[in-house]
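Descriptive analysis of the structure
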Amino acid sequence: MMFVLRVCTISMVLFFKSSFATTLGPRTVVNFDFAYRFSPGNDPRFLQCRIEQGVNYGSGYIWSGQVSSATECCNECANRLRCRAWDFNGVTCWVKDNSDTKATQPGRWSGMLPAPWNFSTPKQAKVDFDDSSWELVDAPHDMGFHREISCVGTNYDTAASDIPATPEHNCSGWYRKHFFLPTEWRNGSTWVYFENVFHNSNIWLNGVELGPHVNGYTSFWRQLNNSITNFGSSSNILAIFANSAPGTGGSYQGGGLFRHVQIVHTLSPLFFTPDRSWISAEVTDPSLIKANSKLPRTGFSTAGENVVVNIRGQILNQFEEDESNIYVKVDIRALQNDSLLATHTQGPYTAAKNTSFTYHINLTLAATVQLWSIARPFLYQGSISQVRGAGGSVVDVINITYGVRYIHLDADKGMFVNGHHVKIK
């Protein structure tokens, strides 16, 4: 199958062909790492710090700590998306989650901030913004390492003490991506999947806010709603703001598009919700685990009926009507030789319009199960399909790789994997 997704910038056009796309039945996953325009930039809330002396705004509590100035205290508030007010007594800063009160209090400095992006669309997120002078980068991208600064502390901190604490040296910035989508994608569902944007981020498509994400250690997805997405010959603008200043610290802390980005399309608005399906396996009787030989590299195994495979997940229905006669089919295969160990179909399920439902399947395997170990990391793959009607057409499919192992911790002897003692360093 030949698949083409065009990604363009002001100065170049890239054609992503089949080597960049993975088609799994009705689901297509495209590498979306390339051709971002990047520029350092501020969270507008930093530019809205207004300091009043002799007052104390707000109540509630998010964080407190010692800072050097009222400006730095306001920065600490701006670094936290839930912050609405801050208060500084000359030594300690209090960051608060509401701004519903105002009290006269000599010896204090205080201020309020709006909700993140609670104002007109930032110019960098608008469709007609000129980013032709911005640097061209690919993900993964570290805006701190790239600029030889350390993204630790408040928004204006830098690694070098002789660099002035100005907005030009902060660890926040903008990414913009110009791209086209195939006309046939107008039907179905399309989203961008971010493995990691460090640390706080917000996303816009064609000038429309898709929403923030807090916590740079977790993946997230943003759907490209058909009402604001262009298909065919008209381009789209994806704008991403990343602010790494609220990070968790460490000897080095970077920021930005830290991990890979994908764009995903399913043929149907009825699909497996991203990051909401998983497989776990339980060994019911560890005494039945056997070593395949005296050599650890040959691994361990157990009878199939001694392992329960749990498959759980969520399916989202974005049709404007209820959907019924939905089945979930699971195929379990060994990754090493692609042999089929089990298959099971469960249903029917019914999904109300614009809602999700969960499925739960328990399986036991008829064949001998090879266990995961350090010396022999044997893996299985569960292929989970959503089927319309028993034996009908496949609507969506995902693959999950997993291993089976038994771990036991002994207070005196340490850790055992599959009954075999393993040292932890």
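One can find the structure itself at the top, above this paragraph.
Quick summary incoming for the structure in this document. From a predicted model like this one, the values you see are computed outputs, not experimental measurements.

Let us look at the state of the cysteines. Among covalent bonds in proteins, the disulfide is the one between the sulfur atoms of two cysteines. Summed over the entire model, instances satisfying the criterion amount to 2 disulfides. Here Cys-73 engages in a disulfide with Cys-93; their sulfurs sit 2.0 Å apart. Note on the Cys-73 and Cys-93 pair: the S-S dihedral is about 80°, so by sign convention the disulfide is right-handed. With Cys-73 in helix H1 (residues 70-78) and Cys-93 in strand E9 (residues 92-96), this pair connects stretches of sequence that are 20 residues apart. Judged by its relative accessible area of 0%, Cys-93 is buried. Between Cys-77 and Cys-83 runs a disulfide, and the two sulfur atoms are separated by 1.9 Å. Of note, the bridge from Cys-77 to Cys-83 carries an S-S torsion of about -100° and is left-handed in sense. Comparing Cys-77 with Cys-83, the two get one shared label, buried.

To continue, consider the pattern of salt bridges. For the coordinates displayed, the defined rule picks out 7 salt bridges. Residue Arg-27 pairs with Asp-396 through a salt bridge whose shortest N-O separation is 2.7 Å. Residue Arg-27 is found in strand E4 (residues 27-31), and its partner Asp-396 is found in strand E29 (residues 394-402); the two are separated by 369 residues along the sequence. With relative accessibility at 10%, the residue Arg-27 sits in the buried group. The class for Asp-396 is buried, based on a relative accessible area of 0%. Taken together, the shared-partner salt bridges connect Asp-87, Lys-96 and Arg-108 into one network.

Right, let's get into the side chain of Thr-266. Tracing the chain through its elements places Thr-266 in strand E18 (residues 261-266). Using a relative accessible area of 0% as the deciding quantity, one classes Thr-266 as buried.

What counts and how
- Residues numbered from 1 in each chain as written.
- Predicted model: local features only at pLDDT ≥ 70, side-chain atom pairs only at ≥ 80, totals over all residues.
- Heavy atoms only, no water.
- Disulfide = S-S within 2.5 Å.
- Helix = DSSP H or I, 4+ residues; strand = E, 2+ residues; numbered from the N terminus.
- Buried < 20%, exposed > 50% of the residue type's maximum accessible area, 1.4 Å probe, protein only.
- Salt bridge = Lys/Arg side-chain N within 4 Å of Asp/Glu carboxyl O.

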